[in-house]
Amino acid sequence: MSSDVGFPADLSLAPTPHEAPRVIRVSHLGKQYQLGTRARYRTLREALVESAMGIARSVGRGRTRRAVERFWALDDVSFDVAQGDVVGIIGRNGSGKSTLLKILSRIVEPTRGTVDLEGRVGSLLEVGTGFHPDLTGRENVFLSGAILGMRRTEIDEKFDEIVEFAEVERFIDTQVKHYSSGMYMRLAFSVAAHLEPDILVVDEVLAVGDAAFQKKCLGKMGTVARHGRTVLFVSHNMGAVVSLCSRALLLQSGHLVLDSDPITVAARYQATLTAAPTSTTDLAGAEHYGSGKARFVSLQFVPERRDGTTREMMCPGSRLRVETRIVCSAPVDSANVGITIYDASGYRLVDANTAMQGRFVSMKPGDEACVDFALDDVRLKPGTYLVGLWMGRSNVEDIDGILYAATLEVEPDPQQLQHSEQFPGSYLCAFKHSVVISTQAGDVAPPGVRDEPGQRSAAGASR
Amino acid sequence: MTHTSIRPHTLRIEPTRGWVALRLGEVVAYRELLYFLVWRDLKVRYKQTILGVAWAVLQPLLTMLVFALFFGRLARVPSDGVPYPLFAYTALVPWTFFATGLTLASNSLVGSANLITKVYFPRLTIPLATVLAGLVDFALAFPVLFGLMWWNGVAPTAQVVWLPVFIALAFATALGVGLWLSALNVEFRDVRHVVPFLTQLWMFATPIAYPSSLLPEKWRTLYALNPMVGVVEGFRWALLGTATRPGPMIVVSGAAALALLIGGAFFFRRMERTFADVV
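Residues numbered from 1 in each chain as written. Chains lettered and ligands numbered in written order. Predicted model: local features only at pLDDT ≥ 70, side-chain atom pairs only at ≥ 80, totals over all residues.

Enquirer: In this structure, what is going on with the overall build of chain A? I would like to understand it.
Expert: A tally of regular secondary structure across chain A gives nine helices and 21 strands. Contacts in chain A between residues at least 24 apart in sequence constitute 71% of all its contacts with a sequence separation of at least 6. (Helix = DSSP H or I, 4+ residues; strand = E, 2+ residues; numbered from the N terminus. Contact = placed C-beta atoms within 7 Å.)

Structure (structure tokens):
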């Protein structure tokens, strides 16, 4: 790390300067986005309605232009990366991590600043980039490989290895649309994992598949790193960052606030989490489906303690208030409004909707509705979850739906964190446990029953 | 490693403004990707269809039958001394290539949004691959054309050696228009509503159902500003030996197609920087 650019003196810097040449030099990088400048037209009807409303507005009140809201997704970020470094990039959602990776992988252009890269860059921002459902596994390996930047001879060479790693030998000549989601993910990751660029840029793609496959993926990443490749790795998984990375960067609302060893950065990140305010997700830019008679416009998560007071972060066993706002543009009669929580692999975990409790929502054009759900005792394990929204009438119509409206982060409860190891899975059951040890002499030790929820007991039982 | 040919030197990423270089060298470096994209388009195009690749032939053939009935038989449109069905089909083969290429290319970027937002490669390869894939359909429609010629007792003349030039002209026109429309479509989804309408109008502005000899001589050069006029007249001249000497028309059409293509490529590159942000 070149210590002369852009950091306050009190921040700890990477301990030793590397002998290796700098292969990534980022200087004063900034990316500005504009919000609310244009609505994208999806259908002719929408386009006509939009333009008719535009004309009506301009006739009625003269020219009213929607305010152009600008924000810096990334602001004045500078750092260097030496060859062979494995750098973790950490930050909350919206801190600019993905923007940084997208600039480094040349997907979007920066608004300011420069990046110099030496060597071939391979980026994995998604699992299954370029996969086509109608093609077979074999065909997809070649297609996806080519899209990720592999040469044909290279794919030929590694083909067997890729298929073996993915454990899909038997189905390699089956169309991937017939694959289970696990098989699909494994094959997709396997192609990506065999990419051998000089600089590898990875965005959380490790969060796929079952626990065993995740472990395998982490192992593969470790191998890549040991082969002297430079890796930039965005993750929410502090365990993976600490074990894989030699250095980590912490981003906060577009700024680089800390560049240090992974343990220091992970600790600082955990500290920022506790101070995070509840955030509202604006759903204007989200991908909606359905008739559009009414639209979800925002979504907010408010974690609460059991006594009903608001808390800063969502922990296992907290209450969670999910507050949605809906704006109606055409009459809606007796609609069911619901939320769904999925895990990171897309499995449906929680469903809550008004119909389950016998309530249906009717609205007139211009009405605005707030539909809130109070989920009690939410025992999701720490991790990242996706929340989807839906409104409609079952088997009749979808009025508005957003498959993945927002991510929900569940953090380990600091008060109950006795054992730091995270076990895979999604559900944390409240339980009691007892241990009985029989000694050889035959006398029985008094049973130790502890009546405490969740993690504490889990820790005890695992020893 | 063999990667050096893709990016031999330090790569600098910085903001760009205004018109930028085409960087065609990069497209050449990514030729394998281009090959795979074409291959994918071909594989997927006729999956789950009963008639499969037969569609490539049926489209111009059925249009020809309709034209032959209404324009040839009922309206008695002249056809430069060639049997009308052959006259129409010779024009419909390059026209179908152009119209399909244009339609698919204009949707190609939006249809590849998932790639554009996830991985880098020269974006020009997307519409290029789409139009290239159309060449295969074009080649499939050709044997039928030769069959029709044989059936009608028309032997190709020596002028047939010029055919590749006219194919290239059709390709350049399809790609040129495709580049403009695909880039515009990213920002303005109106394009997808304009395209069917545009191809329909364009068809009437091209001598497919009628010969360009219907136009007064002095207007033909202006008429040839539509590059497809040069293509269609060229095809008829090269294959059927129609009497009209298309020379000046082809020069004008060629210049128009080149302007469309070069302009389209620069426009595309100019719009390219915001594709991933907007699409």
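Enquirer: Which parts of the structure should I look at to understand the overall build of chain B?
Expert: What chain B contains, in helices and strands, is twelve helices and one strand. When the helices and strands of chain B are placed in sequence order, the string is β-α-α-α-α-α-α-α-α-α-α-α-α. Split into buried and exposed, the 279 residues of chain B put 45% on the buried side. (Buried ≥ 20, exposed ≤ 12 C-beta atoms within 10 Å, placed from the backbone.)

Enquirer: Looking at this model, I keep getting lost on the sheet that holds strand 9 (residues 255-260) of chain A. Mind explaining?
Expert: Two pairing modes exist for strands in a sheet, parallel and antiparallel, and in both the strands are linked by backbone hydrogen bonds. All names here are of chain A. Pairing in this open sheet of six strands is mixed, and the strands run 5-6-7-3-8-9 from one edge to the other. Of all the strands in the sheet, just strand 5 (121-124) and strand 9 have a single pairing partner and so form its edges. When strand polarity is set aside, the average angle formed by the axes of neighbouring strands in this sheet is 15°. Sheet analysis places strand 6 (residues 199-203) next to strand 7 (residues 230-234), joined by five bridges and oriented parallel. (Pairing = 2+ DSSP bridges. Axes fitted to C-alpha atoms, helices over the stretch in contact; angles between N-to-C directions.)

Enquirer: Can you walk me through the pairing of strand 14 (residues 332-342) of chain A in this structure?
Expert: The side chains of a regular strand alternate between the sheet's two faces. Residue and element names in this part refer to chain A. Here two bridges tie strand 14 to strand 16 (residues 361-363), and the two strands are oriented antiparallel to one another. Residue pairing for strand 16: Ala335 is matched across the bridge by Val361. As paired elements, strand 14 and strand 18 (residues 383-393) share seven bridges and run antiparallel to each other. Residue pairing across strands places Gly338 opposite Trp390, the latter belonging to strand 18. By the bridge criterion, five bridges tie strand 14 to strand 15 (residues 348-353) in an arrangement that is antiparallel. What sits directly across from Ile341, in strand 15, is Val350.

Enquirer: Can you help me understand the nonpolar core in this one?
Expert: Counting residues in each nonpolar core, the largest one holds 156 residues, and the members touching the most others are A:Phe233 and B:Ala88. Sort the elements by how many residues they give to this core and helix 4 (residues 84-111) of chain B lands first, with 16 residues. Setting aside residues no more than four positions away along its own chain, B:Ala88 makes contact with B:Met64, B:Phe67, B:Ala68, B:Ile208 and B:Ala209. A:Leu299, A:Val332, A:Ala406 and A:Leu408 belong to the second largest nonpolar core, which has 32 residues in total. (Core = buried A, V, L, I, M, F, W, Y, C linked by C-beta atoms within 7 Å.)

Enquirer: Please clarify how the packing of helix 4 (residues 152-166) of chain A against helix 5 (residues 181-193) of chain A should be interpreted in this entry.
Expert: Residue and element names in this part refer to chain A. For the pair helix 4 and helix 5, interaxial distance at closest approach is 8 Å and the crossing angle is 140°. One element, helix 4, and the other, helix 5, form an angle in the oblique class. When you trace helix 4 past helix 5, the crossing you get is right-handed. Counting all contacts with helix 4, which are made through Ile162, Phe165 and Ala166, the residues of helix 5 involved are Arg186, Leu187, Ser190, Val191 and Ala193. Of the residues contributing to the contact of helix 4 with helix 5, the split by class is six nonpolar, one polar and one charged. (Parallel < 35°, antiparallel > 145°, perpendicular 65-115°, else oblique. Left-handed = near helix turned anticlockwise from the far one by under 90°. Nonpolar A, V, L, I, M, F, W, Y, C, P; charged D, E, K, R; others polar.)

Enquirer: What exactly am I supposed to notice about the interface of chain B and chain A here?
Expert: The figure often quoted for interface size is the accessible area lost as the parts come together. Contact residues are listed per partner, giving 30 residues for chain B and 36 residues for chain A. Within the residue set of the side of chain B that touches chain A, elements represented by two or more residues are strand 1 (11-13), helix 2 (31-45) and helix 12 (275-278) of chain B. In terms of residue count, the dominant contributor to the side of chain B that touches chain A is helix 2 of chain B (six residues). Considered class by class, the residues forming the side of chain B that touches chain A number twelve nonpolar, six polar and twelve charged. With three bridges connecting them, strand 4 (residues 112-117) of chain A and strand 1 of chain B associate as antiparallel partners. Note on strand 1 of chain B: the bridge partner recorded for A:Val115 is B:Ile13.

Enquirer: Would you mind showing me how to read helix 3 (residues 137-148) of chain A here?
Expert: Working note: α-helix, 3.6 residues per turn, so residues spaced by three or four point in the same direction. In this model, helix 3 of chain A (twelve residues) spans 16 Å end to end at C-alpha, consistent with the 16 Å of a helix rising 1.5 Å per residue. Within helix 3 of chain A, eleven of the twelve residues are buried, which leaves the element mostly enclosed by the surrounding structure. By the burial criterion, the buried members of helix 3 of chain A are A:Gly137, A:Glu139, A:Asn140, A:Val141, A:Phe142, A:Leu143, A:Ser144, A:Gly145, A:Ala146, A:Ile147 and A:Leu148. Looking at the buried residues of helix 3 of chain A, the elements they touch are strand 5, helix 4 and helix 5 of chain A together with helix 2 and helix 5 (113-116) of chain B. (Expected span 1.5 Å × (residues − 1).)

Enquirer: What exactly am I supposed to notice about the sheet that holds strand 10 (residues 280-282) of chain A here?
Expert: All names here are of chain A. If you trace the four strands from one edge of the open sheet to the other, you get 10-12-13-17, paired in antiparallel fashion. Of all strands in the sheet, those bounded by a partner on one side alone are strand 10 and strand 17 (368-378). On average, each strand axis in the sheet is inclined to that of its neighbour by 15°, with strand direction left out of account.

Enquirer: Please clarify how the environment of A:Ala192 should be interpreted in this entry.
Expert: If you trace the backbone, A:Ala192 turns up in helix 5. Here the alpha-carbon distance between A:Ala192 and A:Val202, two residues ten residues apart in the chain, equals 9.7 Å.

Enquirer: Got a minute to help me understand the confidence of the model for chain B in this structure?
Expert: Predicted coordinates in regions of low pLDDT should not be interpreted in detail. Residues and elements named next belong to chain B. Residues with a pLDDT of 70 or more make up 96% of chain B, whose mean pLDDT is 87. Confidence, expressed as mean pLDDT per element, reaches its minimum in chain B at helix 9 (residues 217-223) with 83 and its maximum at helix 7 (residues 163-187) with 94. Across residues 1-8 the pLDDT falls below 50, and counting only partners more than four positions away or on other chains, this stretch makes six contacts in the model. For this predicted complex, the interface score ipTM comes out at 0.82, alongside a pTM of 0.69. (pLDDT = per-residue confidence, 0-100.)

Enquirer: What is the right way to read the pairing of strand 12 (residues 294-304) of chain A from this model?
Expert: Residue and element names in this part refer to chain A. Bridge count between strand 10 and strand 12: three bridges; the pairing is antiparallel. Residue Thr280 lies in a different strand from strand 12, and its bridge partner there is Gln300. Where strand 12 lies against strand 13 (residues 318-328), ten bridges are found, and the strand directions are antiparallel. The residue bridging Ser298 from the neighbouring strand is Arg325, located in strand 13.

Enquirer: What is the right way to read unusual backbone geometry from this model?
Expert: The general pattern is negative phi for most residues beyond glycine and trans for most peptide bonds. All names here are of chain B. You will see that Arg23, though not glycine, has its phi angle at about 50°, which is positive. Taking the number of C-beta atoms within 10 Å as the measure of exposure, Arg23 has 12 and is therefore exposed. The phi angle at Asp80 is positive, at roughly 55°, despite the residue not being glycine. As for its position among the elements, Asp80 is in the loop between helix 3 (54-74) and helix 4.

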